Amino acid sequence: MSSDFFGQTRTGSLLHGEHQSTLAALVELETFTSRRTPPELDETGRAFLLRLYHLIEADVTDHFTFEETNLFPRLSAVGASFMVEMLEAEHEDIRALAQDLRAMIGTFLDDAPVSADHWAQFRTTARDLIDMETFHIQKEEMGLLAALPQVLNEADDAAVAAAHPKHTAG
Amino acid sequence: MLTGVPLAGAERRLVSAPVPPLAVTVIGLALTAGWLLLAVTPEAALTVTGGPGPGLAALHLLTLGVLGMAVVLVVPQILPVVTMVPAPALPVLMPVHLGVAGGAVTLVTGFLSGDSLWMAAGATTVAGGLGLFCLLWARLLWQARHSGMGDLLLANSLALLCLLLIAALGVSLSLDYRTGFLSDSPLEHGALVWAHAILAVHGLMGLLVMGYSTVLIPMLAVAEPQGRRANRPLILLYAAGVLTAAFSAVISADVIGWLGWATALLAVGLFLRGMLTVLKRRLRRSLGPSFWLIRLSWGLWAAGLLAGAGARIGWLSPELAGALLLPGWLLTLLLGILQRIIPFLASMHSVRCCARPAPLPRFENRRQTAALSLAHAGAVLLLTAGIALSSPLLIRGAAGMGLLSGLLLLFFAAGVFTRLLSHRRAVGPRRPRPAPSSPAL
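Residue numbers restart at each chain and count upward from 1, following the sequence in its written direction. Throughout, the order in which chains and ligands are written sets their labels, letters from A for the former and numbers from 1 for the latter. Totals for whole chains, interfaces and linings use all residues, but because this is a predicted model, local features are given only for residues with pLDDT of at least 70 and pairs of side-chain atoms are given and counted only at 80 or more. Note that water and hydrogens are dropped before the side-chain values are worked out from all heavy atoms of the structure.

### A short note on the packing of helix α11 (residues 366–388) of chain B against helix α12 (residues 392–427) of chain B
All names here are of chain B.
Stage number 1. Lines are fitted to the C-alpha atoms to define the axes, a helix being fitted only along its stretch in contact, and any angle between axes, read from their N-to-C directions, falls within 0 to 180 degrees. For the purposes of this entry, the term helix denotes a DSSP run of H or I that reaches at least four residues, the term strand denotes a run of E that reaches at least two, and both are numbered from the N terminus. Relative orientation of the contacting elements α11 and α12 amounts to 155°, with a least axis distance of 7 Å. Between α11 and α12, the interaxial angle falls into the category roughly antiparallel. As α11 packs across α12, the resulting crossing turns out to be left-handed.
Stage number 2. Polar here means any residue other than Ala, Val, Leu, Ile, Met, Phe, Trp, Tyr, Cys and Pro, which are nonpolar, and Asp, Glu, Lys and Arg, which are charged; Gly is therefore polar. Split by residue class, the contact of α11 with α12 holds 18 nonpolar, eight polar and no charged. Working definition: roughly parallel below 35 degrees, roughly antiparallel above 145 degrees, roughly perpendicular at 65 to 115 degrees, and oblique for all remaining angles. Crossings are sorted by hand: turned counterclockwise from the far helix by less than a right angle, the near helix makes the crossing left-handed, and turned clockwise it makes it right-handed.

### A look at unusual backbone geometry
Most peptide bonds take the trans configuration, and most residues that are not glycine carry a negative phi.
Stage number 1. Positioned with a positive phi, valine 222 of chain B is a non-glycine residue whose angle comes to about 50°.
Stage number 2. Inspection of the secondary structure puts valine 222 of chain B in the loop between α6 (189–221) and α7 (232–251).

### What to know about the domain arrangement of chain B
Residue and element names in this part refer to chain B.
Stage number 1. By domain assignment, chain B separates into domain 1 (16–147) and domain 2 (150–285).
Stage number 2. With centres defined by C-alpha atoms, the gap from domain 1 to domain 2 works out at 18 Å.
Stage number 3. In this analysis, two residues are considered to be in contact whenever any of their non-hydrogen atoms come within 4.5 Å of each other. Contacts between domain 1 and domain 2 engage 26 residues on the former and 21 residues on the latter.
Stage number 4. Accessible surface is computed with a 1.4 Å probe, and the buried area is the amount of it that two parts give up when combined, taken over both parts together. Between domain 1 and domain 2, the buried area comes to about 2000 Å², and carbon and sulfur atoms account for 82% of it.
Stage number 5. A carboxyl oxygen of Asp or Glu within 4 Å of a side-chain nitrogen of Lys or Arg is what we treat as a salt bridge. Where domain 1 packs against domain 2, one counts zero salt bridges. Domain extents, as shown, originate in an automatic or database domain assignment.

### Observations regarding helix α9 (residues 289–312) of chain B
Stage number 1. Taking 1.5 Å of rise per residue, the 24 residues of α9 of chain B would be expected to cover 34 Å, and the 34 Å separating its terminal C-alpha atoms lies within 8% of that figure.
Stage number 2. Glycine 314 of chain B sits one or two residues past α9 of chain B and shows a positive phi near 85°. Expected helix span is given by 1.5 Å per residue-to-residue step, counting one fewer step than there are residues.

### A word on the side chain of threonine 32 of chain B
Residue and element names in this part refer to chain B.
Stage number 1. Here threonine 32 shows up in helix α1 (residues 19–40).
Stage number 2. Identification of polar contacts relies on pairs of N or O atoms within 3.5 Å, with a donor-acceptor requirement for protein atoms, meaning one able to donate a hydrogen and the other able to accept it, and with residues adjacent in sequence counted only if both atoms are side-chain atoms. A distance of 2.7 Å separates a polar atom in the side chain of threonine 32 from the backbone oxygen of glycine 28.
Stage number 3. Excluding its chain neighbours within four sequence positions, the residues that come into contact with threonine 32 are Leu403, Gly406, Leu407 and Leu410.

### Overview of the nonpolar core
Residue and element names in this part refer to chain B.
Stage number 1. Residues enter a nonpolar core if they are buried and are Ala, Val, Leu, Ile, Met, Phe, Trp, Tyr or Cys, with the set joined through side-chain atoms within 4.5 Å. To sort residues, take the accessible area from a 1.4 Å probe on protein chains only and compare it with the maximum for the residue type: under 20% means buried, over 50% means exposed, and anything in between is partly exposed. With 155 residues, the main nonpolar core has Trp137, Tyr238 and Trp301 as its most contacted residues.
Stage number 2. It is helix α10 (residues 318–353) that contributes the most residues to this core, 21 residues altogether.
Stage number 3. When we break this core down by domain, the ones giving at least three residues each are domain 1 (16–147) and domain 2 (150–285).
Stage number 4. Excluding its chain neighbours within four sequence positions, the residues that come into contact with tryptophan 301 are Gly206, Val209, Met210, Tyr238, Val268, Phe271, Leu272, Leu325 and Trp329.

### Some details on the confidence of the model for chain B
Residues and elements named next belong to chain B.
Stage number 1. pLDDT expresses, on a scale from 0 to 100, how confident the predictor is about each individual residue. Of all residues in chain B, 95% attain a pLDDT of 70 or more, and the chain-wide mean is 90.
Stage number 2. Per-element mean pLDDT across chain B ranges from 90 in helix α5 (residues 150–179) up to 96 in α11.
Stage number 3. Predicted complex metrics record ipTM = 0.71 and pTM = 0.86.

### Concerning the environment of proline 218 of chain B
Residues and elements named next belong to chain B.
Stage number 1. Positionally, proline 218 belongs in helix α6.
Stage number 2. Here the alpha-carbon distance between proline 218 and leucine 279, two residues 61 residues apart in the chain, equals 7.3 Å.
Stage number 3. If sequence neighbours within four positions are ignored, proline 218 has contacts with Ser213, Ala223, Pro225 and Val278.

### Focus on the packing of α6 of chain B against α7 of chain B
Any two packed helices are characterised by the angle at which their axes cross and by the distance between the axes.
All names here are of chain B.
Stage number 1. It is at 8 Å that the axes of α6 and α7 come closest, and there the two elements cross at 170°. It follows from the interaxial angle that α6 and α7 lie roughly antiparallel. Residues Ala191, Leu192, Trp194, Ala195, Ile198, Leu199, His202, Gly203, Gly206, Leu207 and Met210 of α6 lie in contact with α7, whose contacting residues are Leu234, Ile235, Tyr238, Ala239, Val242, Leu243, Ala245, Ala246, Ala249 and Val250.
Stage number 2. For the contact of α6 with α7, the per-class residue count stands at 18 nonpolar, three polar and no charged.

### Remarks on the pattern of salt bridges
Stage number 1. Under the defined criterion, the tally for this structure stands at eight salt bridges over all chains.
Stage number 2. Here glutamate 90 of chain A and lysine 139 of chain A are joined by a salt bridge, their closest N and O atoms 2.5 Å apart. Placement of the pair is glutamate 90 of chain A in helix α3 (residues 81–110) and lysine 139 of chain A in helix α4 (residues 116–151), with a sequence separation of 49 residues.
Stage number 3. Owing to a relative accessible area of 11%, lysine 139 of chain A belongs among the buried residues under this scheme.
Stage number 4. Residues arginine 312 of chain B and aspartate 254 of chain B are paired through a salt bridge, measuring 2.9 Å at the closest nitrogen-oxygen approach. Here arginine 312 of chain B, found in helix α9, pairs with aspartate 254 of chain B, found in helix α8 (residues 254–280); they are 58 residues apart in sequence, far enough to count as distant.
Stage number 5. According to the relative accessible area criterion, arginine 312 of chain B is partly exposed, its value standing at 38%.
Stage number 6. When its relative accessible area of 49% is taken as the criterion, aspartate 254 of chain B is described as partly exposed.
Stage number 7. Three or more residues are tied together by salt bridges with common partners; here these are Glu92 and Asp93 of chain A together with Arg356 of chain B.

### Some thoughts on the side chain of glutamate 30 of chain A
Stage number 1. By the element assignment, glutamate 30 of chain A lies in helix α1 (residues 10–32).
Stage number 2. In contact with glutamate 30 of chain A, not counting residues within four places along its chain, are Ile130 of chain A together with Arg284, Arg285 and Ser286 of chain B.

### A short note on a nonpolar patch on the surface
Stage number 1. Patch definition: residues above 30% relative accessible area lacking any salt bridge, with like charges linked at up to 9 Å and the nonpolar side chains Val, Leu, Ile, Met, Phe, Trp and Tyr linked at up to 5 Å. Surface accessibility in these figures is a Shrake-Rupley result with a 1.4 Å probe; residues are shielded only by whichever protein chains are displayed. A contiguous nonpolar surface patch, about 210 Å² in accessible area, is contributed by Leu161, Leu165 and Leu243 of chain B.
Stage number 2. Position of leucine 243 of chain B among the secondary structure elements: in helix α7.

### A few points about the packing of aromatic side chains
Stage number 1. Ring pairs shown here join Phe, Tyr and Trp side chains whose ring centres sit within 6.5 Å, with only the six-membered ring taken for Trp; geometry is labelled stacked below 30 degrees between planes, edge-to-face above 60, and tilted in between. Going through the model one piece at a time under the given rule, you end up with 10 aromatic pairs over all chains.
Stage number 2. For the pair tryptophan 119 of chain A and phenylalanine 122 of chain A, a centre-to-centre distance of 5.6 Å together with 25° between the ring planes defines the contact as stacked. With tryptophan 119 of chain A and phenylalanine 122 of chain A both in helix α4 and three residues apart, the pair spans about one turn of that helix. The same class applies to tryptophan 119 of chain A and to phenylalanine 122 of chain A, which are both buried.
Stage number 3. Each ring, one from tryptophan 301 of chain B and one from tryptophan 329 of chain B, has its centre 4.5 Å from the other, and the planes form 10°; the classification is stacked. Placement of the pair is tryptophan 301 of chain B in helix α9 and tryptophan 329 of chain B in helix α10, with a sequence separation of 28 residues. Across the pair, tryptophan 329 of chain B and tryptophan 301 of chain B agree in class, each one buried.
Stage number 4. The rings of Phe32, Phe48, Phe108, Trp119 and Phe122 of chain A are connected pair by pair, giving a single aromatic cluster.
Stage number 5. Whether a charge sits over a ring comes down to the Lys NZ or Arg CZ being within 6 Å of the ring centre and within 35 degrees of the ring normal. Positioned above the aromatic ring of tyrosine 53 of chain A, the side-chain terminus of arginine 102 of chain A is 5.0 Å from the ring centre.
Stage number 6. Positioned above the aromatic ring of tryptophan 258 of chain B is the side chain of arginine 312 of chain B, whose terminal nitrogen or guanidinium carbon lies 5.2 Å from the ring centre.

The structure is reproduced here in structure tokens:
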């Protein structure tokens, strides 16, 4: 990250990195769903869907839970409940869409070929998820990450960053 | 880095809920009325610089009714959101909006009827509204001085200076229509008209475009922004060029005018190169119809500046340069931004007024925005061709397309508002939340 636009904290850098990965996956998803007709799921297609399945899971469980547990209470405590309410509601909407999409991916991986009806439904849900998640990330980058330097001092930042799944997983 | 800016009370960074829909309605109506006027009197587009008449009336519906209203909506709303300061309250904003909208209607009536009393009354009312707006704008800039948004604050401050000069010149020109007082002074009415136009189009609007683009373009395109002071030299260079050109118009110094024009053109070129770099680094591949218009507006900005040079040396008509700059560059950019900002504001207001916020994609309508974008682009193309070829038929065609774009904007905004109301009915109004718990760590 070369710009100083969103402020700099270790926690913010971790979240920003995850946002970049999610957005890159959404671009791939957008490309994957650009066809109106169902694709034939070859090795590459199946590998992409499997990766997407795990990435969505990581996003809506690890990433969202990390923010809700470690950051949102701090923001609410300093009076930024307006921002927190907005982000929490978006998490809820995205979780529901992600759950639908993951269920559909599971069906595709188990029962190829993909039917036209299922493909149309998948495209619609994917489009909703892309729109919703992109906007959510925009908002977090400009609101949440920009606000972190004000709610995390250096010690808090180090402690919160250490609680991030990236550091606790191993 | 943001330092010392209060996070509490983020809801106070939004203007009062009725302000955006009312302002957008005025913008849509002024846009529709301006094109309608041109549809009725297409030859007016060829004689805008000839003084009061339907051409000048249509021009001021566009500059004051559309662009002016957009400025008094965008600055009090976007500046507080970005710099985290409270937005101006409704009792302060309403006189500004009423002054600009009411004054614009009075002024346009004056231009249409040729009655100088209406012109002077309209210009004075607009100047009153803008005078109050200057005060609240200055206050916002002072409150935001520690926000760290260097480019945005610099561009706003310089734009504010231009607005003060524009208002002073506008009132002088309108009073001169009534009293002829300029004939007793060394200043010429025509020279002041040019200075007024340069400061309005290139000064106020150009600087606002530069400042807000540094924030809005990366946000809308999901792209890595430039540094917060990355455009400082370009903004200063551009402002120097525009002020030099305006001053040269007043004193009729041709060489100085060319110097100002070249300086501004260089700054615009470098600025647009930076914006294209931002877009190249975007993470969202598909940007939608709004960026058809935003990209088109960038091309029209450069084309309009070059056409302005052509008009200066008599190769092209001033009306052609004006068409490329006003309905071209500025209106194209505004319509591109509005189709993204209107749903954004609706989503933000849903947090304040609904039990559960509504996500932004629920307010978007790609078909309507695509139709709006195509209608507007068609109108600009036909208008430019119509003025270049002096063809009232093409201008009437442009007005028809423009009229459609105005109606589509109103329809789109009404759709967003209706969806917000439906969402509120479905989830209920907002209720106070329990006190927040302590942080987990």
